[in-house]
Every structure is written in C-alpha cells, then in structure tokens.
Amino acid sequence: MGLRHFLTDAWSWLNYKPAMASALDGLPHRALAPEVQASWLPDDSIRRLAAYKLLAAYDSNQAGELAALTGNEAAVERREFGDPAMLVDTALAHLLGKSQQIIVPGAEHAGSENASPDAVAAVQVQERLRDWAQVELLPLRMQAAERKAVLLGDAVYLLAWDPSKGRVRLRTYDPGFYFPVLDDDADPGDFPTRVHLAWEIPEDSRRGIKARVRRITFELGPIQEGSDRPVAMRRYPWAPEQPSAVTCYLSDAEWSLDDLRHGLTLDELPLDKATFRTRADGQALNRLDLAIDFIPVVHVSNTVADGEHFGQSFLAKVMQALDELAETDTDSARASATTGAPIIALAGARAEVDRATGRPKPLAIQPGTLFQLADGGRMDVLDTSGQLAELRARVEEIRDRAAVNARLPAVSLGTVDPSDVPSGYAFQISLGPLDSLVDSMRLARAHKYALLLKMVQRLHQAGRAPGWPVGPMLAAQLVFGPHMPTDRQAILDEVVKGVGAGVFSLETGIRMLQDAGYPIEDARQEAARITDRQSAARPGHQAEDSPSASAPHTADRLAEAGGPSRP
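Residues numbered from 1 in each chain as written. Predicted model: local features only at pLDDT ≥ 70, side-chain atom pairs only at ≥ 80, totals over all residues. Heavy atoms only, no water.

> Which residues make up unusual backbone geometry, and what are the values?
Its identity is not glycine, yet N61 carries a phi of approximately 60°, on the positive side. In this fold, N61 is placed in the loop between α1 (46–59) and α2 (63–69). On the basis of relative accessible area, N61 is assigned to the partly exposed category, the value being 34%. Of note, R464 is a non-glycine position whose phi angle comes to about 55°, a positive value. Residue position: R464 is located in the loop between α10 (432–462) and β15 (477–480). (Helix = DSSP H or I, 4+ residues; strand = E, 2+ residues; numbered from the N terminus. Buried < 20%, exposed > 50% of the residue type's maximum accessible area, 1.4 Å probe, protein only.)

Set out below in structure tokens:
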C-alpha cells in the first residue's frame, strides 16, 4: 500500500485495505463511497463513513465487488460464503440472549401485604414501561439497532413524543447519519450538546428535484422568551423543585447542493439557504422548543469507550482472517473444478478432423468415451485432489483461527460434536472467552439503555400522559437473558433449597427461575398465586406474612411446578 504517513485512529485496523487509505492523502478511495467526498461532510467523519460502507460490503458478500472497483480485477472471482454475517449474527444472538426484560429495582417486593410505597411505585413504573415496550415493539427495534452496533460498531435511537398516539415513539437510525458535535476538551463519555442527523438525498431527474442535504439538529441552549426576557427559567415535571434555564431546540431543514460553497461543513450550513420542514399543525421546525432539557438521541457503542466516542466493529480483529478465508475458498473452488473435471493429456490418439476447416475437432470426454491409441500411446490425468484436501484443511484452520480471535468458541458456533466434550467442567472452561465477550458488550450498553428508559419516562411526563406522575422517576434497567443454555434442573434444586432454608425470599427464587427460562411472566403475580395456593391448601390457617415462614411448603410447590429436567 505504501502510506506516506503512519495513520492511527479508531479505524486504522482497516488501513491495510487499499480502498480505505490511499498512498497520497490517506483518505478512502472514491470508489468505496462517492458520497464521502461530499463537501458538507465533516473531515473527521469521512473515514468513519467509509469504514461503515466497507463493513456493510463484507456483510452482504460484496467485498470482492468493492475490491474490483478499486483496481483489483482478480477480485471479481472472489468466493464469499457469508462467514462475516455468520459471525455477526452469532455474536448478536449471544449478546441479546433469549429474552430482554425491563426491570425496576424494588418492584419484586410489591407483592407482600406490607409492601412499602417505594415498592408499589417501582412496580407501577415497571408495568408502564413494559406496556410501552410492547406497543412500541422494543425487542424488534433492538434487534435491528444492535445488529448495526455489532457489525458497524455504533447504533442510534431517536425518541419523540407523538401527541396523536399519546406515547413516546422510538426510531432507529443508521449510524452513518449520526454526526455529534464534540468539543475538543470534552470527555469522550460526556453527552454532546449539539447533535445532527443528516444524509444526502439523491437527485430525481424525472420529478425535477435536485440533489439536496437534509439535516435534523438537536441543540441544548438557554430558554428564550422574547427580547425583554432573553433567558427564562422553567420547572420540568421530573424536577419540579429545581428550576432550569436549559431547553432542547429542534431544527429540520434541507439544502440544495448547488447552494453550498466548498468548505462549508455540516455544522456551518447557511440558514438563509435552508428550507425548513413543518409539523402537521403548520409549525416550522426552526429552533422549535421541545420543552425538555436533554437531547432525545441515544448513541449505543459496541465496545467500552477508551478515549473514543464511537465503538469498534465486532469484525475489527478478524478482518484480515476473513480476507484470507475468502481467498482460500476461491483457491479451493478452482481446485475443485480441476478435480471434478480433470485435465487429460492424450498421446498417440487420432483426433477426428473437421472437413470444413481441416482442423482436429476438440475431444469430448464423458462416461463411456473410448479412445483408440497407437502403439506407445498413453493418457495422463492431472490429479489435484491432494491440493484440494490441503486447501480444505486450510479453510478449517483459518475459520478456527478467526473464531478464536473473535472469542466465539466452536461450541457457540454449533460446530462441535457433543461427544467430543469430555465433561461439563471442560464445557464451561471452553465458554470462558464467550462469557467475557458478552460481559464486555453488555457493559458498554448498560448505561445507554438505562438512559433510554429514563428519557422514555421524562417524555411521557412532558407530554402529560395519563398515569405518569410529576416528580423524579425511578431508575430502570434492561436485563438481557442468558446467552447460553442453562441447567434448569440444577437451578430449580438450588431455588428449592434456598427458599426452603430461608436463605433468600420467594420473589428472589422466582426471579432465578425466570432467568433460567421458566415461563413466568411476572414474579410478583407468581408469588401471589403461590401464596394463595398455600392458603387454600391449609384451611383454618392464615397465610404467613414472612416468605421464610412458609418456605418448606413453598419449596414443595416449586419442586412440583418444575417438572422434568429440560436443560
């Protein structure tokens, strides 16, 4: 490649690709993504968008096509069998687990008769958030957003209050549309005070529409109420005792590319050339006051931030192994062609002559073909089966190497024979890299989803939705289910012993059964049903208030409900 300067940034792991960094200026090749050469793009976003485009090509088996556009003509014959997409989908499945559940700490204690007001408030918030997630199809939108995060390194959620539906709407955006304005002296973990969602709309010659840029801007700024009161204070529903002078402004406008001078970046587009969009009620979206003191955009990164705002793709560490795997697959396909239809050399055979041209006709070899050879004649066959076997072994070696570096053991990919696992302990040891991978990915997302649920509560308060009281909202968490099959019988035995001995409460035991995959929708309701059955089974006796007092009978009920072991 021959770079003139050693370039290191968040996407330097792609510098080995000629399409990603040219030898002249280090910028991506124009064939990679023509839009990255647009004049309105910030300079620090060009390589990020190029990396997104390149990763998307690998995901859709178009890496060879992209390489051909950058001058590698031999890449058109590259064989791609979906290995990058398989790794991404596997990592995504382990990340999300079998289920995702919204939990408000303290809600599990609301089932007892002496439940505290905090526990009652927690269960009410939990039920409202779960109802919202079900109506807004949160698991489905998470599936789409998290796949982008795993593949590209980033995902973006946008929240907005919808008066017609009376609830908060959730949308996902491609991270290539996300342009935060980051201060040089700000900490990478800080939230930006100005965020753009922008993309280029192509020209439509049939409708006479020129190419243009659309930019949606969210910006925090002081509350303004006329010229006589340039700065005002406002009491928000989530902090009624703390007046605030900050609000969020929304702008949504379009610019024609012909009106943009060279050198104007996305944050500097001239407002006098803008065409602002309007709401359904005719209100122009030009610094519209949203009456909230936060930006309703949540950026999710795939990795824990280490001085970087953006995350890193799951494929970053194995990109070169994927290239090697595709090249070896290509060589294997070529060797398969010569093995299945070998090259044959004949000596001493008389070929039939074409009477029109006077030249020998090509020999056709098929089952039952008979050649008459002269004395001393022979037939030689080029045998490439040995090379084919070596190439196939090389493919498996590279695939195993990529899985190891990606921290996806063979058992997680489903390629290991269960009879090859010597013991359950060895099985657990082999899952160690996968456990650390899932833990780090979930750690990077934990506070982002807590922030998203916090914004959902505040937007419902700002929209005066029924049932959402004024005052500080409780912290909510999004809990992912187990990423590997669990021994349900062992967990059931542990719960029965723990509840029976009074080591932990009935609600905690039911939560453990939920995490193990038992079909329990609500821990509080399940605890109430168990208590009711206890009271009905012992007439004349009042149900004990303490879960530990009724623990032996409860343990029997849990054991009876467990049924046969289904690991």
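Structure's up, so let's keep going.
> Tell me about the environment of P296, and please be specific about residues and values.
With respect to the element layout, P296 can be found in the loop between β11 (288–289) and β12 (297–301). Through-space distance from the C-alpha of P296 to that of W161 is 9.9 Å; in sequence the pair is 135 residues apart. Ignoring anything within four residues of it in the chain, the contact list for P296 reads Y157, L158, L159, F218, C248 and M455. (Contact = heavy atoms within 4.5 Å.)

> Describe the pattern of salt bridges, listing the residues and the values that go with them.
Between side chains of opposite charge, a pair can form when the charged atoms approach closely. Throughout the structure, instances matching the rule amount to 26 salt bridges. Between R169 and D162 there is a salt bridge, with the nearest N and O atoms lying 3.5 Å from each other. A relative accessible area of 26% places R169 in the partly exposed class. Residue classification places D162 among the buried positions, given a relative accessible area of 15%. Salt-bridge contacts for D267 lead to R194; the nearest nitrogen and oxygen are separated by 2.6 Å. A residue pair is termed long-range when its members are at least 10 positions apart, and D267 in the loop between β9 (246–256) and β10 (275–276) and R194 in strand β5 (residues 194–201) qualify at 73 residues. D267 gets classed as partly exposed once you look at its relative accessible area, which sits at 35%. The network of salt bridges with common partners includes E136, R141, D162, R167 and R169. (Salt bridge = Lys/Arg side-chain N within 4 Å of Asp/Glu carboxyl O.)

> Hey, could you go over the side chain of S301 for me, with residue numbers and the actual values?
Among the secondary structure elements, S301 is positioned in strand β12. Look at S301 and you get buried, because its relative accessible area is 7%. For S301, the residues in contact, after removing those within four places along its chain, are G153, D154, H309, F310, G311, A444, R445 and K448.

> Quick rundown of the pairing of strand β6 (residues 212–222)? Include the residues and the values.
Across the eleven residues of β6, eight count as buried, placing the element largely inside the fold. Pairing between β6 and β9: eleven bridges, direction antiparallel. Residue pairing across strands places F218 opposite L250, the latter belonging to β9. (Pairing = 2+ DSSP bridges.)

> Residues and numbers for the packing of α1 against helix α5 (residues 138–152), please.
Packing of α1 against α5 brings their axes to within 10 Å, and their N-to-C directions diverge by 105°. Judged on the interaxial angle alone, α5 and α1 are roughly perpendicular. On the side of α1, the interface is formed by Y52, L55, A56 and D59, while α5 contributes R147, L151 and L152. Looking at the contact of α1 with α5 residue by residue, the class counts come to five nonpolar, no polar and two charged. (Axes fitted to C-alpha atoms, helices over the stretch in contact; angles between N-to-C directions. Parallel < 35°, antiparallel > 145°, perpendicular 65-115°, else oblique. Nonpolar A, V, L, I, M, F, W, Y, C, P; charged D, E, K, R; others polar.)

> Quick rundown of the packing of aromatic side chains? Include the residues and the values.
We describe a pair of aromatic rings using the distance from one ring centre to the other and the angle between the two ring planes. A full pass over the atoms with the stated rule returns nine aromatic pairs. Seen from their ring centres, W11 and F310 are 6.2 Å apart, and the 50° between their planes marks the pair as tilted. Taken as a pair, W11 in the segment before α1 and F310 in the loop between β12 and α6 (319–340) lie far apart in primary sequence, 299 residues in all. Both residues of the pair, W11 and F310, belong to the buried class. Seen from the ring of F179, R48 lies directly overhead, with NZ or CZ sitting 5.4 Å from the centre. Of note, R287 hangs over the ring of Y249, and the distance from its end group to the ring centre comes to 4.1 Å. (Phe/Tyr/Trp six-rings, centres within 6.5 Å; stacked < 30°, edge-to-face > 60°. Lys NZ or Arg CZ within 6 Å of the ring centre and 35° of its normal.)

> Before we move on, can you summarise the side chain of R445 with the specific residues and values?
For R445, the location among the structural elements is in helix α10. When its relative accessible area of 0% is taken as the criterion, R445 is described as buried. Apart from residues no more than four positions distant in its own chain, R445 is found in contact with L95, E146, A149, V150, V300, S301 and N302.

> Break down the packing of helix α3 (residues 83–96) against α10 for me, citing the residues and quoting the values.
Where α3 contacts α10, the two axes come as close as 9 Å, and the packing angle between them is 70°. Taken together, α3 and α10 sit at an angle that is classed as roughly perpendicular. Relative to α10, the crossing made by α3 is right-handed. Of the residues in α10, those in contact with H94, L95 and L96 of α3 are L434, V438, M441, R442 and R445. Of the residues belonging to the contact of α3 with α10, the class tally is five nonpolar, one polar and two charged. (Left-handed = near helix turned anticlockwise from the far one by under 90°.)

> Got a sec to walk through α3? Specific residues and values, please.
Counting along an α-helix, one turn takes 3.6 residues, and residues three or four places apart therefore face a common direction. Helix length check: α3, at 14 residues, gives a terminal C-alpha distance of 20 Å against a target of 20 Å (1.5 Å per residue), a fit within 8%. Counting buried residues in α3 gives eleven out of 14 residues, a clear majority hidden from the surface. Regarding α3, the residues found buried are D83, P84, A85, L87, V88, T90, A91, L92, H94, L95 and L96. Of the residues flanking the end of α3, it is G97, one or two places downstream, whose phi is positive at about 75°. (Expected span 1.5 Å × (residues − 1).)

> Tell me what's going on with the sheet that holds strand β2 (residues 154–162), and back it up with residues and numbers.
The strand order β3-β2-β12 describes an open sheet built from three strands, whose pairing is antiparallel. The two strands at the open ends of the sheet, each matched to only one other strand, are β3 (167–173) and β12. Across the sheet, the mean angle separating the axes of adjacent strands is 25° when strand polarity is ignored. Across seven bridges, the pairing between β2 and β3 is antiparallel. Directly across from Y157, in β3, lies its bridge partner T172. Contacting β2, β3 and β12, α5 crosses the sheet at an angle of about 150° to β2. The sheet contacts of α10 involve β2, β3 and β12, and relative to β12 the element is tilted by about 165°.

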